[in-house]
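Structural description and commentary
If you want the building blocks of each chain, they are given just below.
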Amino acid sequence: AKAQSAITKQRLKNATRREVTLAAIDREAIKAVKAGRITVILGDFNTGFEPGKFGTEVADCKLQYFPKTPAPFPPNACVGQGYDDTLGILEAGLVNGQQWVFLTRKLGRTWFGAGNRYGDFAIDHVAVPVEQRGHFGTANAAKDQYGSDHSPIVFSVQVSD
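A brief structural summary.

Conventions used here
All residue numbers refer to position in the chain's written sequence, counted from 1. Only residues with pLDDT of at least 70 are given local features in this predicted model, and only at 80 or more are side-chain atom pairs given and counted; all residues enter the totals for whole chains, interfaces and linings. Side-chain calculation: all heavy atoms of the structure are included, whereas hydrogens and water are not. Starting at the N terminus, helices and strands are each numbered in turn, a helix being any DSSP run of H or I of at least four residues and a strand any DSSP run of E of at least two. Radius of gyration means the value over C-alpha atoms here, while the globule rule gives 2.2 Å times the residue count to the 0.38 power. Note on classification: 1.4 Å probe, protein chains only; a residue is buried when its accessible area is under 20% of the maximum for its type, exposed when over 50%, partly exposed between these limits. By definition, residues are in contact when any of their heavy atoms lie within 4.5 Å. Working definition of accessibility: Shrake-Rupley area with a 1.4 Å probe, residue cover restricted to the visible protein chains. In this charge count, Lys and Arg are treated as positive and Asp and Glu as negative; neither His nor the chain ends contribute. Lys charges are placed at NZ, Arg charges at CZ, Asp charges at CG and Glu charges at CD. Within this document, salt bridges are pairs made up of a side-chain nitrogen of Lys or Arg and a carboxyl oxygen of Asp or Glu, the two lying within 4 Å of each other. Only a pair of cysteine sulfur atoms within 2.5 Å counts as a disulfide in this structure description. Between any two strands, at least two bridges found by DSSP are needed for them to pair. Orientation is described by axes fitted as lines to C-alpha atoms, over the contacting stretch for helices, and by angles from 0 to 180 degrees between their N-to-C directions. Pairing of aromatic side chains here covers Phe, Tyr and the six-membered ring of Trp, requires ring centres within 6.5 Å, and sorts the geometry by plane angle: under 30 degrees stacked, over 60 edge-to-face, intermediate tilted. Only when the NZ atom of a Lys or the CZ atom of an Arg is both within 6 Å of the ring centre and within 35 degrees of the ring normal do we say a charge sits over the ring.

Looking now at the overall build of the chain. Of regular secondary structure, the chain possesses 2 helices and 5 strands. Counting from the amino terminus, the chain carries its helices and strands in the arrangement α-β-α-β-β-β-β. Computed over its C-alpha atoms, the radius of gyration of the chain comes to 16 Å, within 12% of the 15 Å expected for a compact globule of 161 residues. Across its three principal axes, the chain shows a C-alpha extent of roughly 60 × 40 × 20 Å. Expressed as a percentage of the 161 residues in the chain, the buried residues total 42%. Long-range pairs, those at least 24 residues apart, make up 66% of the contacts in the chain between residues at least 6 apart in sequence. Summed over its atoms, the accessible surface of the chain is roughly 9,100 Å², and 53% of this surface lies on carbon and sulfur atoms. Positive and negative side-chain charges of the chain, numbering 19 and 16 respectively, have mean locations separated by a distance of 8 Å.

Bringing the pattern of salt bridges into the picture now. Counting across every chain of the model gives 5 salt bridges. Here Arg109 ties to Asp120 by a salt bridge, and the two come within 2.5 Å at their closest N and O atoms. Of the two residues, Arg109 is situated in the loop between strand S2 (100–102) and strand S3 (124–129) and Asp120 in the loop between S2 and S3; the sequence distance between them amounts to 11 residues. Judged by its relative accessible area of 24%, Arg109 is partly exposed. By relative accessible area, which is 53% here, Asp120 ends up exposed.

Quick look at the state of the cysteines now. Within this structure, the stated rule accounts for 1 disulfide. The disulfide partner of Cys61 is Cys78, and the gap between their sulfur atoms is 1.4 Å. Residue Cys61 is located in the loop between strand S1 (41–44) and helix H2 (86–91), and its partner Cys78 is located in the loop between S1 and H2; the two are separated by 17 residues in the primary sequence. Residue Cys61 is classed as buried on the basis of its relative accessible area of 14%. Exposure remark for Cys78: the relative accessible area of 1% places this residue in the buried category.

Mapped onto the fold, Glu57 is located in the loop between S1 and H2. Expressed as a C-alpha distance, the spacing of Glu57 and Ile89, which sit 32 residues apart in the sequence, is 8.5 Å.

Before going further, it helps to spend a moment on the sheet that holds S2. Taken in spatial order, the 3 strands of this open sheet run S1-S3-S2, and their pairing is antiparallel. Edge positions in the sheet fall to S1 and S2, since each has one partner strand and no second. Pairwise comparison of adjacent strand axes, ignoring direction, gives a mean angle of 25 degrees for this sheet.

Let's shift gears to the packing of aromatic side chains. Taken as a whole and assessed by the stated rule, the structure comprises 5 aromatic pairs. With 5.3 Å between their ring centres and 80 degrees between their planes, Phe49 and Phe102 make a pair best called edge-to-face. Of the two residues, Phe49 is situated in the loop between S1 and H2 and Phe102 in strand S2; the sequence distance between them amounts to 53 residues. Between the aromatic rings of Phe66 and Phe73, the centroid separation amounts to 5.2 Å while the plane-to-plane angle is 75 degrees, which identifies the pairing as edge-to-face. You can call Phe73 buried: its relative accessible area is 10%. These aromatic residues form a ring-pair network of at least three members: Phe49, Phe54 and Phe102. Between the NZ or CZ atom of Arg11 and the centre of the ring of Phe66, over which it lies, the distance is 3.7 Å.

Shown next as structure tokens:
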């Protein structure tokens, strides 16, 4: 029981770290959006849109213990509102009301490391402001590219003077 509690606390701690980091990135990125610049937030966020894990509210569910097993995220580990608001901070505009669209929301797996911890959900993401969505094409994972345990994300940007 003690080990179970420690694992659950570590999962919550990791989610909080991701949330704080993304909130800080969002605060900086919003300056570029307000200045009228085409803006993109992208990177390896180490989390995906997994049901039960993905959250969009400040009040999180009570995370239940589940063993350290490969994905998918167990559906009964966190019923209802998820515990990891990392992606919800941008998508729902939790920090400053600015909403972002994830070009990678339905992309599928982008990490191919051992254990398949993240199932079939992208953990590498590209987010753009809702009002700028028309400037960006569809995001695709270049799964045939070699050189990393992550698939490169490819998308187009169209900007006119």
